[in-house]
Each structure stands twice: as structure tokens, then as C-alpha cells.
Amino acid sequence: MNNITLILYVATGLSALFWFADLLYFKPGRKQALKNAEISHRIPLTRKEKEAIMNSNGFISSIASCFPVLFVVLIVRSFCYEPFRIPSASMMPTLLRGDFVIVEKFRYGLRNPLNNETWIKTSSPQRGEIVVFKYPEDTKIDYIKRIIGLPGDTVVFNKGELFIKPAGESNYTKISAVEDPASQQMWTAVNLSYTSEHGLTGTEDLLGYKHKIMHDSSANIVEKFYVQGDRHYGEWVVPEGSYFVMGDNREHSRDSRFWGFVPDKYLVGRAVGIWFSGTFDSGIRIDRLGGLE
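Figured I'd write up the structure that's included with this text.

Here is what the cut-offs are and how they apply
- Residues numbered from 1 in each chain as written.
- Predicted model: local features only at pLDDT ≥ 70, side-chain atom pairs only at ≥ 80, totals over all residues.
- Heavy atoms only, no water.
- Pairing = 2+ DSSP bridges.
- Helix = DSSP H or I, 4+ residues; strand = E, 2+ residues; numbered from the N terminus.
- Axes fitted to C-alpha atoms, helices over the stretch in contact; angles between N-to-C directions.
- Salt bridge = Lys/Arg side-chain N within 4 Å of Asp/Glu carboxyl O.
- Buried < 20%, exposed > 50% of the residue type's maximum accessible area, 1.4 Å probe, protein only.

### Focus: the sheet that holds strand β7 (residues 154–158)
Then step 1. Spatial strand order, β9-β8-β7-β13: four strands in an open sheet with antiparallel pairing. Looking at the sheet topology across the chains shown, the edges are occupied by β9 (173–175) and β13 (235–237). Here the average twist between neighbouring strands, direction ignored, is 20°.
Then step 2. As defined by bridge partners, strand β8 (residues 161–165) adjoins β9 across three bridges and the pair is classed as antiparallel. Bridge pairing in β9 places Phe163 opposite Lys174.

Structure, rendered in C-alpha cells:
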């Protein structure tokens, strides 16, 4: 559970206490006070006088009035949709630093918002989908990547090239990409403040699912890949109930190649669109708003 969600839970709980206290104790008292005032006055009370009596517990009433709104927000955020900010360049060019995406939380099932346990499963993640998940090495952190390997698949990454052998098949398929024309290359210049925002873009065919990727031939990957049992270096077999994920910015993404697989229980939901985009250095990017591929 991240800090924003925790704050929302606490705020909703506190406002609920005030709401019930106001409903069961303070509001009946105000109604009785109004009734007594009307009996004791020979002339009818003005509207302003009635409002003054009914709002005599102003602070409590104000806090209590927040509860319905907070409760609705909590329900929507816990079970339906949740915003997520892109903090890095690991998903370029599909997602940029400063993009704010909306995550569809019910896509893969109705889950317990406290421990992410699945109550009702609705569907399974598909290859190529962009998902938000709990980072397996620190579940307090949310990550966003693209699903490359499904349960039972064998994934090989060798010298910058990606190969996949789908579950039940005997042959590997080399995942090819077509580089974009020079006129469409937007990230060839090196940004000294954000050196990972650099590379050549192209369109990758991920076994029928086409999407944008970026390669930086000048990058030098020094971190060692995750080694799975007695498998060859750079080869992984996706366990049942888990997924192999990668960033679209292949040389600047720390993903399943380095720390392993994403268990189904760590999935938060599927990223379906960008609802805001902007940074201090680039400004607001209205053209970024819309759905995701």
C-alpha cells in the first residue's frame, strides 16, 4: 500500500467516525434545539436563525460531510481505476517521464485492496499489455512494464536480441523490430540531465502484438542478469502464475532480466491511457493524452 492510499484510508476512516457521531448524536441534538427554539419564540424563526442552530457543530459537520466523497473516491481507487505517475524513462517511447496514466484495476480481477489477494478473477494478462505491479524486491514500490513472457514461455535475451518460445511450442521466434525513419527519430540527442532519454525508436512485432520500442546502442549494461536455476545465462522459463516483463526502452530498463518474474498476486492492473503529461523541464504535453498501445 503506497502513502497516498494509506492517507486516503486514514482520512476516510476518520471522516466516517465524525459522520456517524454527527448522525447518531449531534444532528438529533441540533434538531431538538431547533424544535425548542421554535416553541419558545412567539414569531417564526428566520431562515438564518434556523441555519445557525443546525450548523452549531460546524467543525464536526464539515468533517462529516467529507465522508461520502472520500468513500466514493476510496471505492473507485481501490477497485476500479487508480492514477500512476511515470517516474523514469524505462518505458520510452511509449511512456515518457512525467506521464500520468490511468490503471484499470479490475481488468485481471477483483482484489483485496489491503493485501492484493484475488477475490474474483476476471481475465489473465496478455502478451504486450502494459501493467502496473508491485516490485517483487520491494512491494511498497509500484513498477510499470510490458508483458513479454506468459506462464510456460521460454525467453532468451542475447546480445540485445530477444527470442521467445511460447508454452507448448518447440521453436523459438526472434522478436524483430523495424526502425523508424530518420524524420521520426525524436530522441537522438543526448540529454545530459536525463541520459537514459536517448536512442533510436522502432516498431517491434511481439508475436503479433506491435508496439514502439527504443534502443540505445551507446549504452553499456553492467548489471548482471537474473540467473534461473541451472538455465543458461540470459534464458528464463516463466513459472506458472508469473510473468516476464520488460521496459520498452531496452537498454535503460531494470526489469525481469535483472530481478526475475512478476507473480500474479503482485499485479495491480493494466495501464489503459494517459490523462495528464508534463514536467518542469518540458511543460504540459497535451498531445500525449489518450489511450495506450
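### Overview of the pattern of salt bridges
Then step 1. What the rule picks out here adds up to 20 salt bridges.
Then step 2. The salt bridge partner of Asp99 is Arg285, with a shortest N-O separation of 3.5 Å. Residue Asp99 is located in strand β2 (residues 99–104), and its partner Arg285 is located in the loop between β17 (283–284) and β18 (290–291); the two are separated by 186 residues in the primary sequence.
Then step 3. The exposure class assigned to Asp99 is buried, which follows from its relative accessible area of 0%.
Then step 4. Overall, the relative accessible area of 15% leaves Arg285 in the buried class.
Then step 5. Where Arg231 meets Glu235, a salt bridge forms, and the shortest distance between an N and an O atom there is 3.8 Å.
Then step 6. One connected set of salt bridges, linked through shared partners, spans Arg77, Glu82 and Lys105.

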